[in-house]
Amino acid sequence: MARMIGLEALKLLSRRRTNEIVIMHESNRADWPVATTRPELDYLMAGAMGKASSFTLGLALGRPDAGFWVLDGDGALLMNLGSLVTIAAQRPANLLHIVYNNDTYDTTGGQPTPGSGNVNFEGLARDAGYASAFTFSDLETLDGALDEVLAAPRPAMLVLRIESNGRRPTAPGLRRSAEALTYLKEYLAQSVLD
Amino acid sequence: MVTETDTLKAESIIEQFRQCGFTHVVNLPDTESKFMYDAIAADSSIHLIPVCREGEAMAIAAGLFLTGKRPVVQIQNTGFFESGDSIRGICLEMKLPLVMIIGYRGYAGPNQEPRDSAARFLEPMLNTWDIPYYLVTSDANCHLISEANARAVNEGRTVAVLIGKEFE
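Rules used in this analysis
Residues numbered from 1 in each chain as written. Chains lettered and ligands numbered in written order. Predicted model: local features only at pLDDT ≥ 70, side-chain atom pairs only at ≥ 80, totals over all residues. Contact = placed C-beta atoms within 7 Å. Helix = DSSP H or I, 4+ residues; strand = E, 2+ residues; numbered from the N terminus. Nonpolar A, V, L, I, M, F, W, Y, C, P; charged D, E, K, R; others polar. Axes fitted to C-alpha atoms, helices over the stretch in contact; angles between N-to-C directions. Parallel < 35°, antiparallel > 145°, perpendicular 65-115°, else oblique. Left-handed = near helix turned anticlockwise from the far one by under 90°. Pairing = 2+ DSSP bridges.

Chemist: I'd love a proper account of the interface of chain B and chain A, names of residues and values included.
Modeler: Between chain B and chain A, the residue contacts involve 23 residues of the former and 25 residues of the latter. Of all the elements in the fold, those that place two or more residues in the side of chain B that touches chain A are β2 (47-50), α3 (55-66) and α5 (84-92) of chain B. If you tally residues by element for the side of chain B that touches chain A, the top one is α3 of chain B, at nine residues. A per-class count over the side of chain B that touches chain A returns twelve nonpolar, six polar and five charged.

Chemist: Explain the packing of helix α1 (residues 10-20) of chain B against helix α8 (residues 144-155) of chain B to me, using residue names and the numbers behind them.
Modeler: Describing two packed helices takes the angle between their axes plus the distance from one axis to the other. All names here are of chain B. Between α1 and α8, the least distance of the axes is 9 Å, while the angle of their chain directions is 30°. On the basis of their axis angle, the class for α1 and α8 is roughly parallel. With respect to the hand of their crossing, α1 and α8 are arranged in right-handed fashion. In this structure, α1 contributes I13, Q16, Q19 and C20 to the contact, and α8 contributes I145, S146 and N149. Here the contact of α1 with α8 is composed, by residue class, of three nonpolar, four polar and no charged.

Chemist: Got a sec to walk through the sheet that holds strand β4 (residues 95-101) of chain A? Specific residues and values, please.
Modeler: All names here are of chain A. In spatial order, the strands read β2-β1-β3-β4-β8-β7; together these six strands make up an open sheet with parallel pairing. At either end of the open sheet lies a strand with only one pairing partner, and these are β2 (42-44) and β7 (132-136). Neighbour to neighbour, the strand axes of the sheet diverge by 20° on average, direction disregarded. When β4 meets strand β8 (residues 156-161), the two strands line up parallel, connected through six bridges. Residue pairing across strands places Y100 opposite L160, the latter belonging to β8. Relative to strand β3 (residues 68-73), helix α3 (residues 52-62) is tilted by about 170°, and along the sheet it contacts β1 (21-24), β3 and β4.

Chemist: Describe unusual backbone geometry, naming the residues involved and giving the relevant values.
Modeler: In this model, R154 of chain A is joined to P155 of chain A through a cis peptide bond whose omega is 10°. With respect to the element layout, P155 of chain A can be found in the loop between α7 (139-151) and β8. Even without being a glycine, K95 of chain B presents a positive backbone phi close to 50°. Mapping K95 of chain B onto the fold places it in the loop between α5 and β4 (99-103). With a phi angle near 60°, D130 of chain B is a residue other than glycine that sits in the positive phi range. Considering the arrangement of structural elements, one finds D130 of chain B in the loop between α7 (122-128) and β5 (133-136).

Chemist: Hey, could you go over the sheet that holds strand β3 (residues 71-76) of chain B for me, with residue numbers and the actual values?
Modeler: Residues and elements named next belong to chain B. A sheet is described by the order of its strands in space; here six strands give the open sequence β2-β1-β3-β4-β6-β5, paired in parallel fashion. Strand pairing shows two members of the sheet lacking a second neighbour, β2 and β5, which therefore form its edges. Across the sheet, the axes of successive neighbouring strands diverge by a mean angle of 20°, strand direction being ignored. Pairing of strand β1 (residues 24-27) with β2 involves four bridges; the strand directions are parallel. Its bridge partner lying in β2, V25 is registered against L48. Together, β1, β2 and β3 form the strand contacts of α3, whose direction differs from that of β3 by roughly 175°.

Chemist: Could you give an account of the environment of Y105 of chain A, with specific residues and numbers?
Modeler: All names here are of chain A. Within the element layout of this structure, Y105 appears in strand β5 (residues 104-105). C-alpha separation for the pair Y105 and M4, spaced 101 residues apart in sequence, amounts to 17 Å. Among residues more than four places away in sequence, those in contact with Y105 are G75, Q111 and T113.

The structure is reproduced here in structure tokens:
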């Protein structure tokens, strides 16, 4: 099965990012800080396994004028699959749910997830009620379709089928959660995001 | 015999929510709260966010808090146990000033043996996690919700309100 280098896929996303707030979770904390060009708008959701999608739903409902991307993992999403239904029911028009799908638990060393390789996250999102959902396995196709993906009705899911890299350290320079939390709250307190 | 002062009306709780300025109720209906659910759903000033599993609720509330909203979480004690990692990693680690309304399933009254383990372990668990709590059993003491909210805000911590009686 074809898979992308995760970091390269994230670089394609980063190039098209404008002022969306990006919520990292689990193993993508090693890659997104390398791809990002706006680290001041990035936040690492750590401390409650699988709950980044729910956390981002709260942000999206509280600030419908801002855009939010949640960088979820497939193992993390499997821990909180019900959140697909909860999110779809609230219909946040400003939430893009990205699944960094390597079919393993990279944070613990790369063990396969249950149903590894067989789970159709795009299908789960559609059937839960997401307004749109996409899956990509190669960089060229992703690059050609990203404008359409980013313009699609939301809540939207974007599944990135990527290679597993096993356990890696958190990217250097990433703000610790407590510090980042304070920063994010202050940022969101601004009346207009620009 | 049930007297007037023994009742706990859903409207009394909703009035407390209004006084606290709660904007969102993140909720999973439980056996104690059918009337409560209907009352919230009928009040357009408070947004209802139903969740599929209780552990989602604390994370959604955290996101809402960061945007300046005032959510309250409403679950049953069985859901409190299910939510362990969210309560630890979000409510306690983030020092979330959250009020958790928890249906006290199995509560049999003061100095009475709990009817089940969901009731037996609830207060010991709250004490272990150093989460303050208040017990509401009637309209007469539902003002404790406002007290709990003031404490959550002033002390920057999550506070629980245990609902020891079914709503009417």
